[in-house]
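A look at the structure
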Number of protein chains: 2
Amino acid sequence: MASLEEQLELIQSGTAEIVPLADLKKKLAEGRPLRVKLGVDPTAPDLHLGHAVPLRKLRQFQDLGHVVVLIIGDFTARIGDPSGRNTTRPALSPEQISENAATFVAQANKILNPDRTELRWNSEWLSTLDFADVIRLMANFTVAHTLERDDFAKRLAEQKPISLHEILYPAAVAFDSVSVEADVELGGTDQLFNLLAGRELMEKRGMAPQVCLTLPLLEGLDGVQKMSKSYGNYIGLTEGADEMFGKAMSIPDELMIKYFTLATPVAPAEIRQIEAGLRADTLHPNAVKRRLAREIVTLYHDAAAATAAEAAFDLVFKQHEIPADIPEAKLKDVATPAEDGACYLPALMVACKLASSASEARRLIDGGGVRLNGEPLAKGVYQYQPAALVGVVLQVGKRKFIRLL
Amino acid sequence: MASLEEQLELIQSGTAEIVPLADLKKKLAEGRPLRVKLGVDPTAPDLHLGHAVPLRKLRQFQDLGHVVVLIIGDFTARIGDPSGRNTTRPALSPEQISENAATFVAQANKILNPDRTELRWNSEWLSTLDFADVIRLMANFTVAHTLERDDFAKRLAEQKPISLHEILYPAAVAFDSVSVEADVELGGTDQLFNLLAGRELMEKRGMAPQVCLTLPLLEGLDGVQKMSKSYGNYIGLTEGADEMFGKAMSIPDELMIKYFTLATPVAPAEIRQIEAGLRADTLHPNAVKRRLAREIVTLYHDAAAATAAEAAFDLVFKQHEIPADIPEAKLKDVATPAEDGACYLPALMVACKLASSASEARRLIDGGGVRLNGEPLAKGVYQYQPAALVGVVLQVGKRKFIRLL
């Protein structure tokens, strides 16, 4: 095992908060494999680099000899939001949950070490609770404290209804921690309240309380919003190597170090060197971004795929004579997605000043003069999903280029 | 069956609120026996006239042909207050609950018609709920609405903690209404929120929602505080006829009509006549109070016992030459109960100006010169429970009297 200091350095790299750090030190000093919990909702089957942030942190724990307890929240997913107010929490069938969970685990295993991963389903313990157990469980929490939670406080202030069942969920998640005897629980910064609820419940039950470790949210390729499928600003874990490399090359310069820290296995010490090199101008941002893109592709494919993707990336630009320095536009600034999420390309071309009217744009597309990353677009097809447009170069004729971010 | 108007008159007499009255009329117009729910906590085994108020109203419903559903809250009583904050809600053993419930039912049956009473225990349905059912149940209620409840709002404002389990209780009580398909639910004015929660839940489940009927709290013999064992201002349902009659004679004049309405079976029309008679001075308050006392004793004993109690009451005064018109004092104004609730009589005598000092008072008691309702007090005994002092005449020597209220 690594020394306490080495462990701490790795664990702390990229974290937002560790509450309390003293407890983590104490637990690490015990020299035993810690049980590190992550709870996941089996609702979003397709993972992206944002989802991978806590998984990468879990992998670091595994590499240090610790055990990951991955909890699939099948119990609450089956119930969904019975008040019908929250459309992002639909009730899922057991089949859907199994399928989503299998997809999740398959993707997570690109990052995690399956030999050090304990996979659990929280219905195992939550479905055994009866009303009396629930009452006893809830007695550990107070209304005032629960409503201090950011999202609840905000909704109360805005007089938006909070259903009573919603305030049962933090307690359920806390009970997960009790059930798996977690030493550490990971989550996004927006999850700190839930993680602390788990810590408090364990304390009240006379258990050694878990340490809460939060990770920052990763901004997407637009550099502003958090990475999310609905913003179209993501790099999916199952994307092809070429696509992944191309998208990674569109990561804003100012986010490169954050991506190195949160999304690659590059060691903290090396990241500090890269950061220093950028600051001292001894490293060129483009070279650093290529390294970042290669690291990401290597992680989800392999080193050979990364080399090939980089070569393909260069070839596109060379073959199609795309200049290295071309204007950029954020997709959300130039496109208004329809209800099904698709963008109408002729309107986008007008917005980017690549055509004077939508009808001219359609004529250009139909005439084979419009390309995405050098590939001519099919005649008569005008609708494109944002995922197909982000990080690519839109080209009209020989000389008009714009890189969509 | 009585006419709709007759039913309404009887049901409305003495009620605080009927929400909504239109629904009650509609239900009564259906001409079927309504199911009238009362939920009781099996914690207080000794009932008094305050507890009897909703029971009397239930009896009126029974006399009109309706059915009473008496729900023993054994489920929540078994759990108590797991947070340990609320000492008035201790966890009870199944044996204690059975015993308390049996005592309750025996006393309630002095008022109710057992042939039209359906006795239910809410563990029957509440113990079958699992966590998923609880989540679905809670989804029917919102946090904001629940916290508008008077007692919760007050505690939040005072920053006193409310445990999360406490906000599960109103939903449990609401689920009781669903389970027994209540047409009407009765409660004190402080219970309106819970009754309305039941109504809402039934509505959301597509059932005909229950009507909520609240009854005012009955002030005790002191005329100020609500009748309660802890204030010593009560008439217990199991008290002897003489004691009951004597205590009833100490009911403040201004509460007589309220007691007739809420605590006796005298019909509304006759109560209106009595009220008019008092106002017109054609009825003497003392005669009306005797009638009230007889009605109460008749209810819990029988008419013969009432006549005998009245004779005994008169005899005490006659034998001991207690004048009819003597000064009165409220016990709480002249006595400071010790921690065990007992009052130190010598201090009380000083406060009532029946002795100049506590040592003189002790000498008077030890000399046999102090009487309660004409009976000389034992030598060397100075501590008396409030129940033994309320409604009695304290006499020192031949000429000093005071009636304690």
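Residues numbered from 1 in each chain as written. Chains lettered and ligands numbered in written order. Predicted model: local features only at pLDDT ≥ 70, side-chain atom pairs only at ≥ 80, totals over all residues. Heavy atoms only, no water.

A few points about the pairing of strand E6 (residues 211-215) of chain B
All names here are of chain B. Summarising burial for E6: five of the five residues are buried, a large majority. Pairing of strand E1 (residues 17-19) with E6, which is carried by three bridges, proceeds in the antiparallel orientation. Opposite Val19, over in E6, you have Cys212 as the bridge partner. Pairing of strand E5 (residues 184-188) with E6, which is carried by five bridges, proceeds in the parallel orientation. Within E6, the position partnered with Leu186 by the bridge is Leu213. Read as a crossover between parallel neighbours, the route from E5 over helix H11 (residues 192-204) to E6 is right-handed. (Buried < 20%, exposed > 50% of the residue type's maximum accessible area, 1.4 Å probe, protein only. Helix = DSSP H or I, 4+ residues; strand = E, 2+ residues; numbered from the N terminus. Pairing = 2+ DSSP bridges. Right-handed = clockwise from strand over helix to strand, strands pointing away.)

A look at the confidence of the model for chain A
Chain-level statistics for chain A give a pLDDT mean of 90 and a share of 99% at 70 or above. Note on the complex model: pTM 0.77, ipTM 0.75. (pLDDT = per-residue confidence, 0-100.)

Structural notes on the interface of chain A and chain B
Counting from both sides, the interface comprises 31 residues of chain A and, opposite them, 31 residues of chain B. Each partner contributes to the roughly 2800 Å² buried at the junction of chain A and chain B, and carbon and sulfur atoms together form 83% of this total. In this structure, the connection of chain A to chain B is made through zero salt bridges. Between chain A and chain B we count six residue pairs in polar contact (both at pLDDT 80 or more) in total. Elements with a minimum of two residues in the side of chain A that touches chain B: helix H4 (74-79), helix H7 (131-138), helix H8 (143-147) and helix H10 (169-180) of chain A. For the side of chain A that touches chain B, the element with the most residues is H7(A), which contributes six residues. Grouping the constituent residues of the side of chain A that touches chain B by class yields 23 nonpolar, five polar and three charged. (Contact = heavy atoms within 4.5 Å. Buried area = accessible area lost by both parts, 1.4 Å probe. Salt bridge = Lys/Arg side-chain N within 4 Å of Asp/Glu carboxyl O. Polar contact = N/O pair within 3.5 Å; in protein donor to acceptor, adjacent residues only side chain to side chain. Nonpolar A, V, L, I, M, F, W, Y, C, P; charged D, E, K, R; others polar.)

Focus on unusual backbone geometry
Cis peptide bonds are those with omega within 30 degrees of zero, and the linkage from Val19(A) to Pro20(A) qualifies with -10°. In this structure, Pro20(A) sits in the loop between strand E1 (17-19) and helix H2 (21-29). In the Ramachandran plot, Asn373(A) falls in the positive-phi region, its phi being about 50° despite a non-glycine side chain. Positioned with a positive phi, Gln159(B) is a non-glycine residue whose angle comes to about 55°. Looking at the secondary structure, you find Gln159(B) in the loop between helix H9 (150-157) and helix H10 (169-180).

Quick word on the pattern of salt bridges
Considering all chains together, one arrives at 52 salt bridges over all chains under this definition. For Arg59(A), the salt bridge goes to Asp63(A), with nearest N and O atoms at 2.8 Å. Pair noted here: Arg59(A) and Asp63(A) are both in helix H3 (residues 49-63), with a separation of four residues, about one helical turn. Exposure remark for Asp63(A): the relative accessible area of 52% places this residue in the exposed category. Note that Glu295(B) and Arg291(B) form a salt bridge whose closest N and O atoms lie 2.8 Å from each other. A residue pair is termed a helical-turn pair when its members lie 3 or 4 positions apart in one helix, as Glu295(B) and Arg291(B) do in helix H15 (residues 285-300) at four residues. A single salt-bridge network, built from bridges that share partners, covers Lys27(A), Glu30(A), Arg32(A) and Asp183(A).

Structural notes on the sheet that holds strand E7 (residues 328-329) of chain B
Strands pair in a sheet through their backbones, by hydrogen bonds, and they do so in one of two ways: parallel or antiparallel. Residue and element names in this part refer to chain B. Pairing is mixed in the open sheet, where five strands are placed in the order E7-E13-E12-E9-E10. Whereas interior strands pair on both sides, the edge strands pair on one side only; in this sheet they are E7 and strand E10 (375-376). Bridge analysis of E7 against strand E13 (residues 400-404) gives two bridges, and the strand direction is parallel. Bridge pairing in E13 links Ala329 to Leu404.

Some thoughts on helix H1 (residues 4-12) of chain B
All names here are of chain B. When H1 is considered as a whole, its buried residues turn out to be Gln7, Leu8 and Ile11. One side of H1 holds all its buried residues, which, seen down the axis, span an arc of 95°. In the core, the buried residues of H1 are packed alongside E1, helix H2 (21-29), helix H3 (49-63) and E6. Downstream of H1 by a residue or two, Gly14 has a phi angle that is positive, lying close to 80°. (Arc of directions from axis to C-beta.)

What about the pairing of strand E3 (residues 67-72) of chain A?
The side chains of a regular strand alternate between the sheet's two faces. All names here are of chain A. Of all six residues making up E3, five are buried, and the element is well covered by its neighbours. As paired strands, strand E2 (residues 35-40) and E3 are joined by six bridges and run parallel to one another. Bridge pairing in E3 places Leu38 opposite Leu70.

Considerations on the sheet that holds strand E3 (residues 67-72) of chain B
Residues and elements named next belong to chain B. As summarised here, the arrangement of the six strands in space is E1-E6-E5-E2-E3-E4, forming an open sheet in which the pairing is mixed. Single-partner strands in this sheet number two, and they are E1 and strand E4 (117-121). For this sheet, the mean angle separating the axes of adjacent strands, direction not counted, is 25°. Strands strand E2 (35-40), E3 and E4 of the sheet are contacted by helix H5 (residues 94-108), whose axis makes an angle of about 165° with E4. (Axes fitted to C-alpha atoms, helices over the stretch in contact; angles between N-to-C directions.)

A short note on the packing of helix H15 (residues 285-300) of chain A against helix H16 (residues 303-319) of chain A
Residue and element names in this part refer to chain A. Packing of H15 against H16 leaves a shortest axis separation of 8 Å and a crossing angle of 135°. Comparing their axes, H16 and H15 come out oblique. Where H15 crosses over H16, the handedness of that crossing is right-handed. Within the contact between the two elements, H15 uses Arg290, Arg294, Val297 and Thr298 and H16 uses Ala303, Ala305, Ala306, Glu310, Phe313 and Asp314. (Parallel < 35°, antiparallel > 145°, perpendicular 65-115°, else oblique. Left-handed = near helix turned anticlockwise from the far one by under 90°.)

Topic: the relation of the copies chain A and chain B
It takes a turn of 180° to lay chain A on chain B, together with a shift of 0.3 Å along the axis; the resulting RMSD is 0.4 Å. Such a combination of turn and shift is consistent with a two-fold rotation axis. For chain A, the smallest separation between a C-alpha atom and the rotation axis is recorded for Asp130(A), amounting to 1.9 Å. A share of 100% of interface residues in chain A that are also interface residues in chain B marks the association as one of identical surfaces. (Least-squares fit on C-alpha atoms with pLDDT ≥ 70 in both.)

Quick look at the side chain of Ser177(B)
All names here are of chain B. Relative to the elements of secondary structure, Ser177 occurs in helix H10. For Ser177, a relative accessible area of 0% gives the class buried. Within polar-contact distance, the side chain of Ser177 engages the side chain of Lys37 at 2.8 Å. Contacts of Ser177, omitting those with residues within four sequence positions, involve Lys37, Ala182, Glu185, Gly198, Met202 and Gln210.

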